[in-house]
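# Examination of the molecular architecture
Listed here are the chains, written in short residue letters.
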Amino acid sequence: MKRKEKTEKKMKKTETKAAVARTDDRDCPFHGNLKARGRVFEGKVIKKFPNRVAIEFERMVYVRKYERYSKSKTKIHARLPVCMEKDIDIGDLIRVQECRPLSKIIHFVVISKVKGKEEKRK
Ligand SMILES: [Zn+2]
């Protein structure tokens, strides 16, 4: 059971942070049935909704006509599990991972917090 071991490791990580609210949150990669797989992105939280956050990050896009790169911003809506709701605020840098489509616009889930608003990155 490779998968089980993996999720257990992840759980320990979050448990040390705060008393984890063990609700019956089905769409949680740590306590629920939601499987996070696929691409991983890091971005800044720009909006917060109940059970959902919007993150934004910059990426470089090659413009062939000018043979140069231009900056482009990507916005992603991600499911915010109940156990992480208090931990994550607007301005934080977080990590999201792709999951199955949870709604028309949500196909990512928050997996960890990289740094807070004012904290310096290690
Ligand atoms: Zn949870």
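As shown above, the structure is provided for reference.
Computed from a predicted structure; not experimentally measured.

Quick look at unusual backbone geometry now. Within the chain, Asn51 stands out as a residue other than glycine whose phi angle is a positive 65 degrees. C-beta crowding within 10 Å serves as the criterion here: with 14 such atoms nearby, Asn51 is assigned to the partly exposed category. Positive phi values are uncommon outside glycine, yet Glu67 reaches one of about 50 degrees. Relative to the assigned elements, Glu67 resides in the loop between strand E2 (52-63) and strand E3 (68-79). Look at Glu67 and you get exposed, because 7 C-beta atoms sit within 10 Å.

The next thing to look at is the pairing of strand E1 (residues 36-49). Alignment of E1 against strand E4 (residues 93-99), held across six bridges, turns out to be antiparallel. Across the sheet, residue Lys44 finds its bridge partner in E4, namely Leu93. One ladder, built from five bridges, connects E1 with E2; its direction is antiparallel. Bridged to Val45 within E2 is Ile55. Two successive antiparallel strands, E1 and E2, enclose a turn made up of two residues, where Asn51 displays a positive phi of approximately 65 degrees.

What follows deals with the nonpolar core. Membership of the largest hydrophobic core comes to 19 residues, with the highest contact counts inside it found for Val53, Ala78, Ile88, Val96, Val109 and Val110. Among the elements of the structure, E1, E2, E4 and strand E5 (106-115) are those that each provide at least two residues to this core. Looking at this core, the element that brings in the most residues is E5, giving five residues. Not counting residues up to four positions away in its chain, the partners in contact with Ala78 are Arg52, Val53, Ile55, Val96, Ile106, Phe108, Val109 and Val110.

A few words now on the pairing of E2. Examined bridge by bridge, E2 and E3 share 12 bridges and lie antiparallel to one another. Across the sheet, Arg59 pairs through a bridge with Ser72, a residue of E3.

Pairing is mixed around the closed barrel formed by five strands, whose spatial order is E1-E2-E3-E5-E4. For this sheet the average axis-to-axis angle between neighbouring strands, irrespective of direction, equals 50 degrees.

Time to look at the environment of Phe41. Note on placement: Phe41 falls in strand E1. Sequence spacing of Phe41 and Phe108 is 67 residues, and the spatial spacing of their C-alpha atoms is 9.3 Å. With residues up to four places along the chain from it excluded, the contact list for Phe41 reads Phe57, Ile76 and Val96.

What counts, and where the lines are drawn
- Residues numbered from 1 in each chain as written.
- Predicted model: local features only at pLDDT ≥ 70, side-chain atom pairs only at ≥ 80, totals over all residues.
- Buried ≥ 20, exposed ≤ 12 C-beta atoms within 10 Å, placed from the backbone.
- Helix = DSSP H or I, 4+ residues; strand = E, 2+ residues; numbered from the N terminus.
- Pairing = 2+ DSSP bridges.
- Core = buried A, V, L, I, M, F, W, Y, C linked by C-beta atoms within 7 Å.
- Contact = placed C-beta atoms within 7 Å.
- Axes fitted to C-alpha atoms, helices over the stretch in contact; angles between N-to-C directions.

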